[in-house]
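Chain by chain, the residues:
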Amino acid sequence: MSLLSKKISELQERTQHAQQGGGDKAIAKQIAMGKLPARERIRKLLDEGTFYEYDLFIQHDAREFGMEKKDLAGDGVVIGTGKINGQPVAVYAQDFTVAGGSLGSMHARKITKIMDYALRMRIPLIGINDSGGARIQEGVNSLAGYGEIFFRNTLNSGVIPQISVILGPCAGGAVYSPALTDYVFVVDKISKMFITGPEVIKSVLGEEIDMESLGGARVHCETTGNAHFFAESEDECFAQIKKLLSYLPANNQTKAVPGKPALPLKKYNIVKTVPADPTEPYDVRNVIRALVDNSDFFEVQEMWAKNIVIGYGRIEGRTVGFIANQPLYLAGVLDCDSSDKAARFIRYCDAFNIPIVTLEDMPGYLPGVDQEHAGVIRHGAKLLYAYSEATVPKITVILRKAYGGGYIAMNSRHLRADFVFAWPTAEIAVMGPQGAANIIFRKEIMEAEDPEAMRKKKVEEYKEKFANPYVAASKGYIDSVINPADTRQFILQSLDISQQKNSGMPKKKHGIPPF
Amino acid sequence: MAEKTTNPVQQNPEELTTLGQPNDSTEFLLPATSKKKLRIAEEGHEYKTYLTKKFLERKPWKAPDPFQVLSHIPGSVIEIFVKNGQKVKKGDKLMIYEAMKMMNIVSAPMDGTIKEVNAKVGETLPKGALLVTFRKPAKK
């Protein structure tokens, strides 16, 4: 055997040893939990044969508590680069089979190394989380590792897309990296996220709750809003990631790779979807499907704050971010959660050069003590802030109701919408006809012989005069009243016109949004 | 913020209720005299901290009952489509519930049998009111 082939076979041996992770037993246990091993996950996520791994031979540097005798393959994390949809990405995956995927200083250094790569190369970063938490034996070095990761998450934010995939436990301080990234993917029965577990909660507060109800995938998708995409299996989750990335640019200096232009499917008829009677609910997602290429709408945070719909679609191949009130849930009102949800999405689209289309049909902000005390003022302000601050092309279509503060907040002309269109069914007014008539004609109604009949008469009068788009059109607050059937055409021409949009903001370090 | 006292825990002058003990070395104690202060005894040291109003007024978590359909918004019942004992499929219309200028449709969250329709036509209800109860299937 020549010297070279000896050296090469040594490399192969070392590689094989390092790639076995926690060994067959640990891998079998991982599979028994319904989870895939780390390298298998990366293989499935990336385009075939595109993964290149780095830092395979990293050794941990703990010298206490008998750790010096332990050999931890790759220190419990796999990092590298590859391609998704033919576009380069950086990726890391924690390996639960090695010391429970616990985070020590070298483990963290591998993660921060790939994060720095991603920023330098201006490519998306995907982190697969599956870890028991800090490596206690490494003490404060482990905490330092988390801090370095959080700092880079913040530094990278708005420059490159950052995606977190929770495929196992992610507890304690570790949850804050996903929370700082753009999109969090979870899988039913596999993902678990919480700051303190059920045992601590029980012993301190006496509240009994199981892990799934406390921080399972469903809870984070439906209740907390921490997660953005819910999948039944890891395979489904990887397919969702690929799809999301297809809509996004690699960084904030470019635009997303355009898709092949196509017409919406015939079965989505925009005119038939929306009832003319403003009290009748409908699914606004079908309006979006009637507008986008192939009727393919990719919804974000589908299960949380359902009264507002956010997500991506394409119009003539170009990525567009949609924000739409959803009359099917809570009458489509704005409240704390829906304002939060929409505001963050607007900032995302703005950061990554994605034009925003707003479909408006909402009765206003939700009244109630719980909303007021939950801070609907503070949360609602986020929506105003995000729309006002966004400089990407902003297009609004008012389908039916646009009342009160909600009218202003939903990307009105006054927040510098570039194009505002209204359907003939639009009702743009300071408040609904009932409430307005009761206030304006209070005296006449009270003094009438038959107050109820007078009230009805005055409500009708108000409806006739003000519950339409023409008052706002007469002031130039909306640009055109359009035939609903022409909506896609109007959006398309607006996107064409605003391709080179350049609207400066005053120079500042940064604003102070109502966080 | 918590303030740290360097003295090891002596005999406590106040009567204390144990709020909980997350591990062997830490104990949360709530003085009986003032519900607004929390004392944390850890490894022989004692921390004192005030509790917030929000913390004191918090409602303990209760597991939601999947067989109850609750209102998500204050509103009034306009029309009811189902009766006690009726079988329904997931997504079937249960009632029309008017709120925020909208005739909202309340639909069945699951396949099952209606045990009781708790709401009445014309009723004005707050958020979280019981609208319909489903029958719990017999355990197999």
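Residues numbered from 1 in each chain as written. Chains lettered and ligands numbered in written order. Predicted model: local features only at pLDDT ≥ 70, side-chain atom pairs only at ≥ 80, totals over all residues.

1. Regarding the overall build of chain A
At step 1: When its secondary structure is counted, chain A shows 21 helices and 17 strands.
At step 2: For chain A, the C-alpha atoms occupy an extent of roughly 105 × 55 × 45 Å along the three principal directions.
At step 3: Put simply, chain A has 515 residues, and 48% of those count as buried.
At step 4: Here the contacts in chain A between residues at least 6 apart in sequence split such that 74% fall between residues at least 24 apart. (Helix = DSSP H or I, 4+ residues; strand = E, 2+ residues; numbered from the N terminus. Buried ≥ 20, exposed ≤ 12 C-beta atoms within 10 Å, placed from the backbone. Contact = placed C-beta atoms within 7 Å.)

2. Some words on the overall build of chain B
At step 1: Broken down by element type, chain B carries one helix and 13 strands.
At step 2: The order of helices and strands in chain B, counted from the N terminus, is β-β-β-β-β-α-β-β-β-β-β-β-β-β.
At step 3: In chain B, which comprises 140 residues, the proportion classed as buried is 19%.

3. A short note on the sheet that holds strand 10 (residues 102-107) of chain B
Residues and elements named next belong to chain B.
At step 1: The strand order across the open sheet formed by four strands is 10-9-7-12, and the pairing between neighbours is antiparallel. The open sheet has two edge strands with one neighbour each: strand 10 and strand 12 (124-125).
At step 2: With four bridges joining them, strand 7 (residues 75-80) and strand 9 (residues 93-99) adopt antiparallel strand pairing. Paired with Ile-80 across the two strands is Met-95, which belongs to strand 9. (Pairing = 2+ DSSP bridges.)

4. Concerning the interface of chain A and chain B
Many analyses report the size of an interface as the accessible area lost when the parts associate.
At step 1: In this assembly, 22 residues from chain A lie in contact with 19 residues from chain B.
At step 2: Broken down by element, the residue count for the side of chain A that touches chain B peaks at four residues, all from helix 7 (residues 198-205) of chain A.
At step 3: When its residues are assigned to classes, the side of chain A that touches chain B shows 12 nonpolar, six polar and four charged. (Nonpolar A, V, L, I, M, F, W, Y, C, P; charged D, E, K, R; others polar.)

5. Here we look at the nonpolar core
At step 1: With 146 residues, the main nonpolar core has A:Phe185, A:Ile241 and A:Ile346 as its most contacted residues.
At step 2: Looking at which element gives the most residues to this core, the answer is helix 13 (residues 336-351) of chain A, with seven residues. (Core = buried A, V, L, I, M, F, W, Y, C linked by C-beta atoms within 7 Å.)

6. A short note on the domain arrangement of chain A
All names here are of chain A.
At step 1: We note that the domain assignment places domain 1 (3-247), domain 2 (270-430 + 468-497) and domain 3 (433-466) within chain A.
At step 2: The gap between the C-alpha centroids of domain 1 and domain 2 is 36 Å.
At step 3: In this complex, domain 1 contributes 10 residues to the contact, which on the side of domain 2 involves 13 residues.
At step 4: Elements represented by at least two residues in the side of domain 1 that touches domain 2 include exactly helix 9 (217-224) and helix 10 (234-247).
At step 5: A per-element tally of the side of domain 1 that touches domain 2 places helix 10 first, with three residues.
At step 6: Within the side of domain 1 that touches domain 2, the residues separate by chemical class into four nonpolar, three polar and three charged. (Domains from an automatic or database assignment.)

7. Re the pairing of strand 9 of chain B
At step 1: For strand 9 of chain B, the tally of buried residues reaches five of seven residues, placing the bulk of the element in the interior.
At step 2: Remark: two residues form the turn of the hairpin made by strand 9 of chain B and strand 10 of chain B, two consecutive strands paired antiparallel; B:Met100 in that turn has positive phi of roughly 50°.

8. Notes on the sheet that holds strand 13 (residues 130-134) of chain B
Residues and elements named next belong to chain B.
At step 1: In spatial order, the strands read 6-13-11-8; together these four strands make up an open sheet with antiparallel pairing. Where the open sheet ends on each side, the last strands, each with one partner, are strand 6 (68-70) and strand 8 (87-88).
At step 2: Inspection of the sheet shows strand 6 paired to strand 13 by three bridges, in the antiparallel sense. Across the sheet, Val-69 pairs through a bridge with Val-132, a residue of strand 13.

9. Here's the deal with the environment of A:Glu236
Residue and element names in this part refer to chain A.
At step 1: Within the secondary structure layout, Glu-236 lies in helix 10.
At step 2: On the basis of neighbour count, Glu-236 is assigned to the partly exposed category, with 14 C-beta atoms found within 10 Å.
At step 3: In sequence terms Glu-236 and Gly-158 are 78 residues apart; their C-alpha atoms lie 26 Å from each other.

10. Describing the confidence of the model for chain B
Residue and element names in this part refer to chain B.
At step 1: Mean pLDDT over chain B stands at 80; residues scoring 70 or higher make up 71%.
At step 2: At the low end of the mean pLDDT range in chain B sits strand 1 (residues 3-8), at 44; at the high end sits strand 13, at 95.
At step 3: Ignoring residues within four places in sequence, the model shows residues 1-12, a span with pLDDT below 50, making 12 contacts including any to other chains.
At step 4: For this predicted complex, the interface confidence comes out at an ipTM of 0.74, alongside a pTM of 0.90. (pLDDT = per-residue confidence, 0-100.)

11. With respect to the environment of A:Tyr282
All names here are of chain A.
At step 1: Relative to the assigned elements, Tyr-282 resides in the loop between helix 11 (270-273) and helix 12 (285-289).
At step 2: By the C-beta count within 10 Å, which is 18 here, Tyr-282 ends up partly exposed.
At step 3: Along the sequence, Tyr-282 and Gln-253 sit 29 residues apart, while their C-alpha atoms lie 38 Å from each other.
At step 4: If we skip the residues at most four places from it in the chain, Tyr-282 touches Thr-273, Val-274, Pro-275, Pro-327 and Leu-328.

12. Side note on the environment of A:Ser105
All names here are of chain A.
At step 1: Of note, Ser-105 is situated in helix 4 (residues 105-121).
At step 2: Owing to 20 C-beta atoms within 10 Å, Ser-105 belongs among the buried residues under this scheme.
At step 3: Apart from residues lying up to four places away in sequence, Ser-105 is in contact with Asp-61, Glu-138, Asn-141, Ser-142, Ala-144 and Gly-145.

13. Some words on the packing of helix 13 of chain A against helix 15 (residues 376-389) of chain A
Helices that pack against each other are described as a pair by the angle of their axes relative to one another and the distance between those axes.
All names here are of chain A.
At step 1: Running from N to C, helix 13 and helix 15 point in directions that differ by 25°, and their axes come no closer than 8 Å. In terms of their interaxial angle, helix 13 and helix 15 are classed as roughly parallel. Pair helix 13 / helix 15 crosses with left-handed handedness. Along the contact surface, helix 13 presents Cys-336, Ser-339, Asp-340, Ala-342, Ala-343, Ile-346 and Arg-347, while helix 15 presents Val-376, His-379, Gly-380, Lys-382, Leu-383, Tyr-385, Ala-386 and Tyr-387.
At step 2: Taken together, the residues that form the contact of helix 13 with helix 15 break down as nine nonpolar, three polar and three charged. (Axes fitted to C-alpha atoms, helices over the stretch in contact; angles between N-to-C directions. Parallel < 35°, antiparallel > 145°, perpendicular 65-115°, else oblique. Left-handed = near helix turned anticlockwise from the far one by under 90°.)

14. Here's the deal with the pairing of strand 7 of chain B
At step 1: With two bridges connecting them, strand 7 of chain B and strand 12 of chain B associate as antiparallel partners. Its bridge partner lying in strand 12 of chain B, B:Ser76 is registered against B:Thr124.

15. Looking at the packing of helix 3 (residues 38-45) of chain A against helix 10 of chain A
Residue and element names in this part refer to chain A.
At step 1: Here helix 3 crosses helix 10 at 45°, and the two axes come no closer than 9 Å. Classed by the angle they form, the pair helix 3 and helix 10 counts as oblique. The chirality of how helix 3 crosses helix 10 is right-handed. Taking contact as the criterion, the partners of Arg-41, Lys-44 and Leu-45 in helix 3 are, on helix 10, Glu-234, Asp-235, Phe-238 and Ile-241.
At step 2: For the contact of helix 3 with helix 10, a count of residues per class yields three nonpolar, no polar and four charged.

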